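Survey of secondary and tertiary structure
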Amino acid sequence: MDVKIDESWRRELQEEFDKEYFSKIVGFLKKEMESHVVIYPKGNLIFNAFNSTPFDKVKVVIIGQDPYHNPGQAHGLSFSVPDGIKPPPSLVNIFKELKTDLGVDTPQSGSLERWAEQGVFLLNAVLTVRAGSPASHGNIGWIQFTDAVIKRLSDKREGIVFLLWGNFAKGKRSIIDTNRHFVLEAAHPSPLAQGAFFGCRHFSRTNAILEAQGKAPINW
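First, a word on what this report is: a plain description of the structure on this page. (Residues numbered from 1 in each chain as written. Predicted model: local features only at pLDDT ≥ 70, side-chain atom pairs only at ≥ 80, totals over all residues. Heavy atoms only, no water.)

1. Things to note about empty space enclosed by the protein
Inclusion rule: Put plainly, a pocket is an open set of points on a 1 Å grid over the protein atoms alone with protein on both sides within 12 Å along at least five of seven lines, a cavity is a set where a 1.4 Å probe fits but cannot get out, and a lining residue has an atom within 4 Å of a point. Grid points are joined across faces, edges and corners, and a volume is the space filled by probe spheres set on the points. The nonpolar class holds Ala, Val, Leu, Ile, Met, Phe, Trp, Tyr, Cys and Pro. Asp, Glu, Lys and Arg form the charged class, and all remaining residues, Gly among them, are polar.
Enumeration according to the criterion identifies 1 cavity of 30 Å³ or more in this entry. By volume, the largest cavity is sized at about 40 Å³. Forming the boundary of the largest cavity are Pro41, Ile46, Pro67, Gly76, Leu122, Asn124 and Leu127. Grouping the constituent residues of the lining of the largest cavity by class yields 5 nonpolar, 2 polar and no charged.

2. Describing the side chain of Asn48
Just so we agree on the cut-off: Working definition: helices are DSSP H or I runs of at least four residues, strands are E runs of at least two. Numbering for both runs from the N terminus. By definition, residues are in contact when any of their heavy atoms lie within 4.5 Å.
Its place among the elements puts Asn48 in helix H3 (residues 48-52). Not counting the four nearest positions on each side in its chain, Asn48 is found in contact with His75, Gly76 and Leu77.

3. Here's the deal with the packing of helix H2 (residues 20-34) against helix H6 (residues 142-156)
Note the following rule: Fitting a line to C-alpha atoms yields each axis, with helices limited to the stretch in contact; the angle taken between N-to-C directions then spans 0 to 180 degrees. For this classification, under 35 degrees means roughly parallel, over 145 means roughly antiparallel, 65 to 115 means roughly perpendicular, and everything else is oblique. By convention, the crossing between two helices is left-handed when the near helix turns anticlockwise from the far helix through less than a right angle, and right-handed when the turn is clockwise.
Taken N-terminus to C-terminus, the directions of H2 and H6 make an angle of 130 degrees; their axes are 9 Å apart at the nearest point. The angle between H2 and H6 places the two elements in the oblique class. Here the hand of the crossing between H2 and H6 comes out left-handed. Contact residues: Tyr21, Phe22, Ile25 and Leu29 in H2; Trp142, Gln144 and Phe145 in H6.

4. Some points on the layout of surface pockets
Approximately 630 Å³ is the volume attributed to the largest pocket. If you go around the largest pocket, you meet 29 residues; those closest to its centre are Asp66, Pro67, Tyr68, Ser90 and His188. Considering only residue class, the lining of the largest pocket consists of 14 nonpolar, 14 polar and 1 charged. Of the volumes computed, that of the second largest pocket is approximately 460 Å³. As for the second largest pocket, its lining consists of 18 residues, and the residues nearest its centre are Val3, Leu29, Gly43, Ile46 and Phe47. Tallying contributions element by element places H2 first for the lining of the second largest pocket, with 5 residues.

5. Describing the packing of aromatic side chains
Keep this limit in mind: Pairing of aromatic rings covers Phe, Tyr and the six-membered ring of Trp, with a centre-to-centre limit of 6.5 Å; geometry is then stacked below 30 degrees between planes, edge-to-face above 60, and tilted otherwise. Each residue is placed in one exposure class: buried if its accessible area under a 1.4 Å probe, protein chains only, is under 20% of its type's maximum, exposed if it is over 50%, and partly exposed if it falls in between.
By the definition in use, this model includes 22 aromatic pairs. The interplanar angle of 80 degrees and the centroid separation of 6.2 Å between the aromatic rings of Phe47 and Phe145 together place this pair among those described as edge-to-face. Linking Phe47 in the loop between strand E1 (39-40) and H3 with Phe145 in helix H6, this pair joins segments that are 98 residues apart in sequence. For the pair Phe47 and Phe145, a shared accessibility class is recorded, and that class is buried.

6. A few points about the sheet that holds strand E2 (residues 60-64)
Here is the rule: Pairing between strands is defined by DSSP: at least two bridges between the two strands are required.
A sheet is described by the order of its strands in space; here 4 strands give the open sequence E3-E2-E5-E6, paired in parallel fashion. Edge positions in the sheet fall to strand E3 (120-124) and strand E6 (182-186), since each has one partner strand and no second. Pairwise comparison of adjacent strand axes, ignoring direction, gives a mean angle of 20 degrees for this sheet. Of the strand pairs in this sheet, E2 and strand E5 (residues 161-165) are connected by 3 bridges, and their pairing is parallel. Bridging across to E5, Val60 finds its partner in Val161.

Distances and angles like these do not, on their own, reveal function.
Following this line, the structure appears as structure tokens:
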């Protein structure tokens, strides 16, 4: 199957695109759209994380669950919203921790594109969602695909820092080779976690790990 995606990722994932389960994902999405179901993010942004951070440039991975389901929020990067969109509560808490950890003032924009451009792969485990219906595409095959993505990074790269926030993301630890990579775990930044995310210091800890490998730190 011909998928419009960054060439470095196409080389790594073509065998997944050619599998039956991926064809079923595409077929499902086509049926949704033919039924005039609104899907987020829009089609050209479904693989935004991949197009923003090429395979060989990934230094950090932040795993989200599924895209935001309200209008204008989802643009294919986990936890991120486009310029001009009010940051959702989880992103607000991420910025609060960033301020406490590194003294970084709250950005005016909720877009994390600047992170992606520096090698932070902002991967949602599920890449699409029905408008107004969280987790509605959770069982259409995306998790099989993104697990294969994580496994590919784990097997073919070294020294990546995986940030696993919340129980769902922590469940991905089993497909990451911790002898080759670094895993930092924390509670989810959602207010539902009642502040348990705060104090994880994942931003400074990530930069320390990168610098210890001779890599440039992330300008969070």
